[in-house]
Structures are given as C-alpha cells and as structure tokens.
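# Overview (structure and organization)
Spelled out, the chains give:
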Amino acid sequence: MSRTRLGRDFFAREPHVVARELLGSILVTGDGSDVVAVRLTETEAYHGATDPASHAYRGRTARNAVMFDEAGHLYLYFVYGMHWCANIVTGPPGEPSAVLLRAGEVIEGLNVARARRPAVHRDSQLASGPARLAAVLGWGDRDRALRAYGGDLCSAPAVAEVFAGERGPAAGAVAVAVGPRVGVAAAKDEPLRFWIEGDPTVSAYRPQVRRNRRP
DNA sequence: CCGCCGATCCTCT
DNA sequence: GAGGATCGGCGGG
C-alpha cells in the first residue's frame, strides 16, 4: 500500500491547524525489522514567540534553534532530566511554532514497540503520552536519540516521515476533541490540545500541579 | 481508580 | 539555583 507523505506545505501553517489535521496521520521510523508506525491520536500546538508555554517564548537559544528553522523538521526535546518528546516544526514561516506529538496507536511493529516499553501491559498504553510515544519510536534513551539525529538533537536533518491516514478528521472518519494542554504552567487553559474522541490510546489528562522539591 | 511522590539533569535566570 | 511540554510505582479508599 502506498501512502501519501505530508510535505513542507502541510506543516508550514498555523500550529493549531497542523495539530488538528495531524490526527489520524501516520508517523514511521526505522527500517527493516525495526519499523514502527504510529497513528497519531493526540497533539498539542505551541504558538511561537507569543505563547508563554512555548520553548521559543524567550527568544532563540541553542536549544530551541530548530523551532526557528523550516517547517516540517522533527526534533526531540529533553524534559525532566530523563524523558524525550517529539515535536514537528510548523509555520507560519518566520514564527518558531511547533506541534508536540502526545500520543498514538501503534499500527506496525508491535513487537518492537513492546520491547521498547517493557513495563506496559496493554497495547493501548504503548504510546499514550509524549515520552512514551518517543520511546516507542526508538528515541526513549539518550543513545538512541543521539543516534537518530547524528549527535545534534537541536537540528533535525529532514522533514518528518509522516503520511496521510485513512482514519483521520480529514476523511470525516473521527471526531476531534479540543482542550487545555497538559503539563504546562503558562497559558494552561488555552484550548490547544487536540485528540481523537474516544480513542483508547489518548493519554490520561493530568492537570499541571506545582510541587515543592525536597530540601 | 485516584492522588502523591521520587527520579534525574540540562538550560536559563 | 530553580524548575520543567513525564512516567511509573506505591498507598489508600
């Protein structure tokens, strides 16, 4: 079966538009016996320099430089000292916007995915969260992530391998739900998180909580 | 099922 | 120094 690859034009639009239309599309990594394909079921939009929750809010740095680059680039962001999250740069051109890939359904390479997520009991939980999704795709630890990007995580080399899906909102096949983003303290009530209504692979909602650290 | 908590480390203040 | 775009384990109801 041949799949239509999403190109730069698809990604070079407002992040909330891309985030919504990305639902149901298929992200593929690996080759040969390593192939894993995920149908995206949950995304979040980050609106460039005007969005206080965006990593580009305080201007360009070495770490967020890729967000100022061309739309379509997939990059990994290291969070909480141990997890990686996959994002795709979006437009409009000149604005450092991005879409965070929050969850998906593994539709190819189930055994590879299970091996990368040994603690999981139900397949619907394999990629039901941004760091879980990244792990399933092979970017769950530092070595793998570095290998995937040739040592420079902040400048992904190419347009992400994302293909149009048949079970997405574009085909009218699913209902899209919208709500607040997860895990962000700033602008936390903005409805910029999109997911496929009723899909079991969507992550459980965890409202942002501020916690005291140990003394 | 729900809520709390520790782990872990890099970046920017 | 502080504080994350998180996850999984544990304890209680």
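Below, the structure is looked at part by part. Note that this is a predicted model, so its numbers are computed, not measured.

## Side note on the overall build of chain A
The number of helices and strands found in chain A is five helices and eight strands. The order of α-helices and β-strands along chain A, N terminus first, is α-α-β-β-β-β-β-α-α-α-β-β-β. Scored against the burial criterion, the 215 residues of chain A give a buried share of 48%. For chain A, contacts bridging at least 24 residues in sequence account for 61% of all contacts bridging at least 6. Put simply, chain A shows about 11100 Å² of open surface, and 50% of that area lies on carbon and sulfur atoms.

## A short note on the protein's contact with DNA strand C
If you check the shell around DNA strand C, you find 22 residues, and the closest are His-55, Asn-87, Arg-117, Gly-183 and Arg-213. By atom count, sugar and phosphate contribute 43% of the portion of DNA strand C lying within 4 Å of the protein. Contact between DNA strand C and Arg-117: a phosphate oxygen at 2.3 Å from a side-chain N or O atom of the residue. Contacts to DNA strand C include Arg-132, whose side-chain N or O atom sits 2.7 Å from a phosphate oxygen. The biggest single contributor to the surface near DNA strand C is helix H4 (residues 130–139), with three residues.

Definitions and cut-offs
- Residues numbered from 1 in each chain as written.
- Chains lettered and ligands numbered in written order.
- Predicted model: local features only at pLDDT ≥ 70, side-chain atom pairs only at ≥ 80, totals over all residues.
- Heavy atoms only, no water.
- Helix = DSSP H or I, 4+ residues; strand = E, 2+ residues; numbered from the N terminus.
- Buried < 20%, exposed > 50% of the residue type's maximum accessible area, 1.4 Å probe, protein only.
- Contact = heavy atoms within 4.5 Å.
- Areas by Shrake-Rupley, 256 points an atom, 1.4 Å probe, with all protein chains shown as cover.
- Near = heavy atom within 4 Å.
- Polar contact = N/O pair within 3.5 Å; in protein donor to acceptor, adjacent residues only side chain to side chain.

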